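Structural description and commentary
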Amino acid sequence: MTDDGPIGRARGLLRQALLQRSGPLTRGLLLAPGAFGLGKVPARAQPDQTTTLTCGFCSTGCGLNVHLQRGEAVNLTPATDHPVNLGMACPKGWEALAPLGAHDRATTPLLRDAHGKLVPVTWDAAVGEMVTRFKAIQVRHGKESLAFISTGQIPTEEMAFLGALAKFGMGLRDGDGNTRQCMATTAVAYKQSFGFDAPPFTYQDFEQSDVIVLVGSNLCIAHPIMWERICRNRNDPTIVVVDPRKTETAMAATEHVPLRPKSDLALFHGLCHLFIQRGWIDRAFVDAHTSGFEALRAGVADFPLEAVSEATGLTVEAIERLAAVIHGGKRVSFWWTMGVNQSHEGVRLAQSIINLALLTHNIGRPGTGANSITGQCNAMGSRLFSNTTNLLGGHDFANPEHRTKVARILGIDEDAIPRQASASYDQILEKILAGQIRGLWIIATNPAHSWINQTFAREVLQRLEFLVVQDMYHSTETAALASLVLPAAGWGEKEGTFINSERRFGVLKKVARAPGQALADFHIFRLVAEAWGCGAMFRDWTSPEAVFQILKALSGGQPCDFTGIGDYEAIDRAGGIQWPLPAGVALEATERRLLEDGVFFHADGKARLVFEAPRPLPEPTSPEYPLTLLTGRGSSSQWHTQTRTGKSPVLRLLYPGELYVEISREDARALGISPNERVAVTSRRATVEARAFVTNTVRPGEIFLPMHHEEVNGLTLAAFDPYSRQPSYKACAVKVRRLREQFA
Amino acid sequence: MIHSPLLRLVSDSAGSPSSLVDRLLREQQTLTAVDRFARQHDQCDQPAQARYYRDLIPLERPRPGQQYAFEVDLDACTGCKACVAGCHSLNGLDEGEIWRTVGLLHGGTAEAPTQQTVTTSCHHCVEPACLVGCPVKAYEKDPVTGVVRHLDDQCIGCQYCTLMCPYDAPKYSKQKGIVRKCDMCSDRLAVGEAPACVQACPNQAIRVRVIDQVQALQASEAGAFLPGAPAPDHTVPTTMYRSARATPLNTLPADFYSASPGHGHISLVIMLVLTQLAVGAFCIGLLGPTWLGSPGSGGWSVVNAAFALALAVAAIGAATLHLGRPQYAFRAVLGLRTSWVSREAVAFGLFAQTGVLYALSLVSDRLPAFPAKALLLGKGSLWAGAAAAVGLFGVHCSVMIYAATRRSHWRAGITGVKFFGTTLILGIAAVTALTAATAAARRGSPFLASAAGRALLAFLLVTALLKLGLEASLFSHLRDRQHTVWKRIALVMSQDLRTVTAWRFVAGVTGGVVAPALCLLAGGGAPGIAVLSLLLLITGELLERYMFFKAAPASRMPGALH
């Protein structure tokens with residue numbers, strides 16, 4: 001039998017038609033060696049080069065190894081050698097390229113026409129219109145009638161450009177950022193306690209602790225890669241989670257402390273009291289390195305165990321056990337996130353944690369620290385360089401020496417620098433309401449979704465004479481209210497640096513082409529500066545890296561001094577560099593913590609122990625609104641208002657499409673709510689509909705809603721921490737009812 | 001519009017006049033990462049990532065009786081879902097295509113609540129149902145590694161494997177017209193690399209182990225797999241879920257109470273109802289001359305047979321439309337040995353062929369002579385019997401297709417009553433309508449008033465009542481305390497699908513009960529009533545079959561909220 005005759009050929013064809021083991025469909029999934037230290041990768045995305053970018057979602061600051069073909073990103077994998085993420089990434093990181101290709105990218109400037117419709121215009125026209133309208137407002141209502149809302153999502157160089165342009169070039173007084181919603185509390189707490197906004201830890205501390213206390217932090221899904229670092233801890237650590245809910249992290253921890261919502265300040269004051277009472281404190285360290293001990297001792301004396309038990313709903317034994325665990329640890333680290341920051345008394349709460357770390361000398365040593373986990377990828381950059389609350393480089397607007405220094409380095413007139421800090425986000429909205437601010441410039445944030453008591457926020461934004469929204473997408477809830485939309489390039493389409501939670505600079509690179517006419521925010525600021533007529537002030541601000549050199553100079557002599565970091569290349573090569581690194585100091589370790597010498601940033605070198613008694617909840621539950629609403633992250637695949645994560649088909653499959661409310665079995669039974677039933681959640685401000693997820697992971701009297709759904713912030717109460725002006729998203733009073741009668 | 005002259009004062013690097021906007025737009029489109037950050041990469045034998053996964057994959061190949069299996073450390077799985085995204089990116093899957101999912105279990109008490117995220121993908125079963133069910137042999141279980149692989153180019157896109165797999169592992173791609181699934185990254189394992197999910201898990205919760213297949217069999221006999229997951233005794237999944245924590249008895253998947261409509265499979269609905277109508281009409285029609293007092297002559301039989309055959313052909317056409325790659329439908333004969341889909345295809349194919357021969361034999365005296373004519377068309381009754389037998393066998397195959405999925409709501413008893421009930425009801429209604437119409441066309445005596453007609457009407461009324469009653473009895477499950485599959489179906493039918501449900505019963509009662517009852521009471525009726533009754537009944541059965549799929553609870557691993 002031969003296969004080359006007609007019969008053989010026919011037989012072959014038949015066999016192939018009947019049983020086809022390979023072909024185009026099989027080849028579609030072919031893998032090929034990736035080279036560059038990669039394993040096998042999809043053959044059609046085989047890279048000809050790779051490069052590492054710092055991720056642009058959260059503050060963890062993971063290195064993402066982007067696979068390039070002819071300079072353009074085709075895929076990515078977590079960077080194996082990166083000191084932050086050790087070869088891992090959460091789904092957002094894996095999908096970081098997907099949102100760039102979304103169909104609703106803003107590709108041209110859009111100006112609202114006479115019919116109220118956003119229509120495409122040229123950049124010249126857009127920037128011209130913006131400048132004309134803004135200047136006209138200033139002529140009528142004064143220079144201070146304009147303001148800006150910045151973000152923790154753009155590189156440091158762009159933030160600095162925006163802050164400098166707005167305040168020094170355009171004469172604005174007020175500008176704030178969405179970092180007000182995430183890190184303001186911690187920044188104020190550190191500044192008051194340590195003398196500078198300086199998170200003291202390095203991620204290695206996660207691996208070196210023997211006791212890890214997580215307060216108001218669902219690390220497993222909010223910062224999965226930091227949880228990875230805890231998984232790398234070889235000390236078999238005791239992990240305590242202080243959280244009203246039994247979260248993923250509470251499940252994975254060794255101890256869960258399910259306290260009543262917002263009773264945390266009482267708990268930590270109580271612990272502080274117990275530690276002082278039992279002599280479990282390092283008195284020598286306290287005397288040498290802190291001040292305010294006596295006042296603290298007197299203050300916390302009002303928090304005996306029984307009172308704390310009463311306030312928190314925890315048993316006396318549970319509190320004692322927690323104290324014993326902390327006392328028993330040799331290297332205890334305390335970590336907190338939004339459960340602490342987004343509170344009506346967040347600053348004092350953060351400080352109560354700092355107090356405990358100071359009293360027990362769990363600071364400045366490996367595996368210790370009073371450590372805030374930051375939210376956004378560049379909240380830390382914003383805290384130093386947004387030029388809103390602080391003058392560029394962590395300086396003080398009110399300090400004449402600081403103004404002189406900044407003016408000298410920037411080569412600008414000292415009088416161009418305002419003598420006071422900006423109004424805060426909420427105060428800017430109040431000023432709009434009062435007619436004092438008439439024009440607003442919003443960059444890379446989405447207040448119409450994210451601001452607390454959203455209905456009010458939207459009404460306020462609609463009162464503006466001219467609202468400029470600069471964003472990657474024309475479809476955000478805020479862009480819908482804009483007079484002018486400026487199309488921005490996104491992460492991966494521009495250069496700059498982020499600073500992560502552990503103070504590490506990481507580099508962003510240009511690995512994708514921005515769609516249409518979208519421009520890097522940096523470029524947009526250059527255009528506006530030229531059009532405004534203050535281009536000369538920024539003649540040295542030619543590129544992000546040129547600005548980085550200016551920022552270095554600004555940091556000189558500050559606790560964050562990074563004059564010793566060379567350039568982007570140096571940061572890239574080192575896998576990121578933490579501040580401080582003053583000029584002349586060699587970079588010896590990839591991981592460094594602060595305060596190892598016990599010297600704090602106040603003039604006397606001592607930390608302040610700060611005490612204040614808890615204040616009642618702004619909106620306690622009542623017979624009419626008997627439940628406390630908790631809000632927070634829904635899943636690891638969602639990021640804030642989801643302008644980006646909602647654009648990845650993969651990420652969309654990883655979170656619920658419909659709003660759900662977690663409610664306890666007890667409350668559900670009392671309200672006659674069956675599992676999966678649609679219910680109405682009502683606060684004094686709004687009603688939203690959601691599907692009931694009846695679960696024991698929330699306790700009776702409490703419900704939980706994920707923050708990512710637009711309608712949730714219709715419910716929340718606009719209450720603020722008095723010191724940080726950070727909104728208190730984590731507790732308001734609500735009621736729940738069934739939407740309709742049904743079978744069974 | 002205002003065009004700011006300020007923006008036109010700059011020159012580009014070449015010195016030619018150019019606006020700042022133009023320059024920045026040009027700059028924006030230049031990719032610089034490679035030029036500015038060229039990297040030196042160490043050439044290494046192993047992928048750099050191997051340092052993290054080296055201990056998570058086996059060093060040795062499985063011996064006979066062994067195979068590779070996923071092992072999941074539930075205590076380490078914290079729901080970050082990196083495994084899903086990593087699998088997607090490292091395997092170059094299509095937009096929105098995922099081969100791994102992460103579900104959620106929860107339970108416990110208010111004092112001691114528990115929740116557990118669960119990562120899951122293909123379990124590379126010892127007895128893969130996907131493989132058994134595939135009509136085209138597009139699955140194979142690797143004799144050495146035990147990995148269940150899908151041959152993408154062999155697949156015709158019938159999606160039966162997605163129904164056969166209790167764990168929802170094979171995923172249908174509408175765009176490609178085929179199913180694809182996890183192959184445990186066999187190509188990676190073959191060269192000592194870890195599967196994508198193993199590489200991607202930050203907590204090292206997923207690993208690949210070599211297991212003894214006997215071990216998996218024993219576990220499946222004991223029903224030990226994962227709380228909330230479909231029972232393992234059907235396919236013997238090999239994934240091992242490990243946990244040091246005790247699982248509360250009340251543990252449930254987070255999506256346990258969600259009852260939402262699934263896929264309607266319209267072309268399957270049409271195919272099933274039409275084949276059953278065809279077989280029913282053919283068989284009842286055959287009985288006609290003997291049992292019903294010869295309501296028609298040979299001519300009538302031809303009409304009836306032709307009617308049945310036309311429907312059968314239409315049904316086969318509808319079935320083909322259901323395929324993602326209909327051009328390869330002919331491959332469906334390959335799976336005869338194991339797949340009920342193959343058997344169904346062959347049975348209905350034979351039904352059409354023998355039916356044609358029977359129809360031709362009825363008119364053979366009018367056909368010209370051709371070789372073997374006597375042999376082919378001489379024995380009409382033989383072909384009639386054969387066609388009836390393969391037709392009924394075809395309906396049996398249809399029943400078994402769903403019974404073989406081992407889903408309790410599709411079990412043979414229930415599916416059998418439904419499918420053969422449809423066959424009977426539509427068969428009677430069709431024969432009644434055709435006979436009445438034929439009689440009227442020939443100006444014969446009104447068929448519906450005849451004894452045979454009345455017998456058919458009575459028979460129709462009884463069978464229709466029984467079937468409708470059986471269907472309606474489902475709603476008693478709405479009172480179940482437990483959220484059984486029956487309650488789920490009843491919930492979906494009474495909520496999301498309540499309009500369809502209402503029309504199903506309106507059509508069924510009007511066509512199968514009211515119309516025959518009126519005719520019986522009036523002692524006859526116009527042939528139009530019989531035709532109308534048939535049309536209503538066809539509509540009703542189509543809607544019933546639509547809900548057979550649409551309201552069927554999915555079988556899958558514990559899911560998250562969705």
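The structure displayed is predicted, hence computed values, not measured ones. Within every chain, residues take consecutive numbers counted from 1 along the sequence as written. Going through the entries in the order they are written, you letter the chains from A and number the ligands from 1. Restriction of local features to residues with pLDDT of at least 70 applies here, the model being predicted, together with a cutoff of 80 or more for giving and counting side-chain atom pairs; totals for whole chains, interfaces and linings are based on all residues. Only heavy atoms go into the side-chain values, all of them from the structure, while hydrogens and water stay out.

Residues and elements named next belong to chain A. Counting from the N terminus, the helices are the DSSP runs of H or I reaching at least four residues and the strands are the DSSP runs of E reaching at least two. Structurally, the position occupied by R278 is in the loop between α11 (264–277) and α12 (283–289). Contacts are assigned to residue pairs that have any heavy atoms within 4.5 Å of one another. In contact with R278, not counting residues within four places along its chain, are L305 and E320. For this analysis, a polar contact is any N or O atom pair within 3.5 Å, provided that within protein one partner can donate a hydrogen and the other can accept it, and provided that sequence-adjacent residues contribute only side-chain to side-chain pairs. Only 2.5 Å separates the side chain of R278 from the side chain of E320, close enough to count as a polar contact.

Let us look at the packing of aromatic side chains. Each Phe, Tyr or Trp ring (for Trp, its six-membered ring) is paired with any other whose centre lies within 6.5 Å, and the angle between the two planes then decides the class: stacked below 30 degrees, edge-to-face above 60, tilted in between. As enumerated under the stated definition, the model contains 41 aromatic pairs over all chains in all. When the centroid spacing of 5.3 Å and the interplanar angle of 40° are considered together, the rings of F194(A) and F600(A) count as tilted. Separated by 406 residues along the polypeptide, F194(A) in helix α6 (residues 184–194) and F600(A) in the loop between β21 (577–578) and β22 (607–608) bring together distant segments of the chain. Note on exposure labels: buried denotes an accessible area under 20% of the residue type's maximum, exposed denotes more than 50%, and partly exposed covers the range between, all computed with a 1.4 Å probe on protein chains only. Residue class for F194(A) comes out buried when judged on its relative accessible area of 0%. According to the relative accessible area criterion, F600(A) is buried, its value standing at 3%. By the ring-pair criterion, three or more aromatic residues cluster together here, those being F161(A), W441(A), F522(A), F525(A), F538(A) and W541(A). Working rule: Lys NZ or Arg CZ, within 6 Å of ring centre, within 35 degrees of ring normal, means a charge sits over the ring. Between R343(B) and the ring centre of W340(B), over which it is positioned, the NZ or CZ distance is 4.5 Å. The ring of F256(B) is capped by R488(B), whose NZ or CZ atom sits 4.6 Å from the centre of that ring.

A few words on the nonpolar core. Counting 136 residues, the largest nonpolar core has F134(A), L165(A), L267(A), W441(A) and W579(A) as the members making the most contacts within it. Nine residue types can take part in a nonpolar core, namely buried Ala, Val, Leu, Ile, Met, Phe, Trp, Tyr and Cys, and a core is a set of them joined through side-chain atoms within 4.5 Å. By size, the runner-up hydrophobic cluster in this structure holds 97 residues, among which are I156(B), A384(B), A433(B) and L448(B).

This part takes up the sheet that holds strand β5 (residues 72–78) of chain A. All names here are of chain A. Strand pairing is assigned whenever DSSP identifies at least 2 bridges connecting the two strands. An order of β3-β4-β5 is seen for the three strands of this open sheet, with the pairing classed as antiparallel. Two strands lie at the open edges of the sheet, namely β3 (49–54) and β5, each paired on one side alone. Strand-to-strand twist across the sheet, computed as the mean angle between neighbouring axes with direction ignored, equals 35°. Every angle, taken between N-to-C directions, lies between 0 and 180 degrees, and every axis is a line fitted to C-alpha atoms, over only the stretch in contact when it is a helix.

Okay, the pairing of strand β28 (residues 732–738) of chain A next. Residues and elements named next belong to chain A. Bridge count for strand β23 (residues 627–632) against β28 is three bridges, and the pairing is antiparallel. Across the sheet, residue T628 finds its bridge partner in β28, namely A733. Where strand β25 (residues 678–682) and β28 come together, four bridges link them in antiparallel fashion. Directly across from V679, in β28, lies its bridge partner R738.

Turning our attention to the confidence of the model for chain B. Keep in mind that low pLDDT regions are not for reading the predicted coordinates in detail. Residues and elements named next belong to chain B. The pLDDT value tells you how sure the predictor is about a given residue, anywhere from 0 up to 100. Averaged over every residue, the pLDDT of chain B is 91; residues scoring 70 or more account for 93%. Predicted confidence is poor over residues 1–16, with pLDDT under 50, and the contacts of this stretch with residues over four places away or in other chains come to 33 contacts. Confidence metrics for the complex model read pTM 0.94 and ipTM 0.95.

In this section: the interface of chain A and chain B. In this assembly, 111 residues from chain A lie in contact with 93 residues from chain B. When two components associate, each loses some accessible surface as probed by a 1.4 Å sphere; the sum of these losses over both components is called the buried area. Between chain A and chain B the total buried area reaches about 8900 Å² when both faces are included, carbon and sulfur atoms providing 59% of it. Its largest share of buried area at the contact with chain B, chain A owes to L25(A), D124(A) and K510(A), together 8% of the area lost on that side. The term salt bridge refers to a pairing of a side-chain nitrogen on Lys or Arg with a carboxyl oxygen on Asp or Glu at a separation within 4 Å. In this assembly, chain A and chain B are joined by four salt bridges. A salt bridge links R21(A) to E140(B); the nearest nitrogen and oxygen atoms lie 2.8 Å apart. Where chain A touches chain B, the interface holds 35 residue pairs in polar contact (both at pLDDT 80 or more). Top contributing element to the side of chain A that touches chain B by residue count: helix α4 (residues 123–141) of chain A, with six residues. Throughout this entry, Asp, Glu, Lys and Arg are counted as charged residues, while Ala, Val, Leu, Ile, Met, Phe, Trp, Tyr, Cys and Pro are counted as nonpolar. The remaining residues, Gly among them, count as polar. In terms of residue class, the side of chain A that touches chain B is built from 53 nonpolar, 33 polar and 25 charged.

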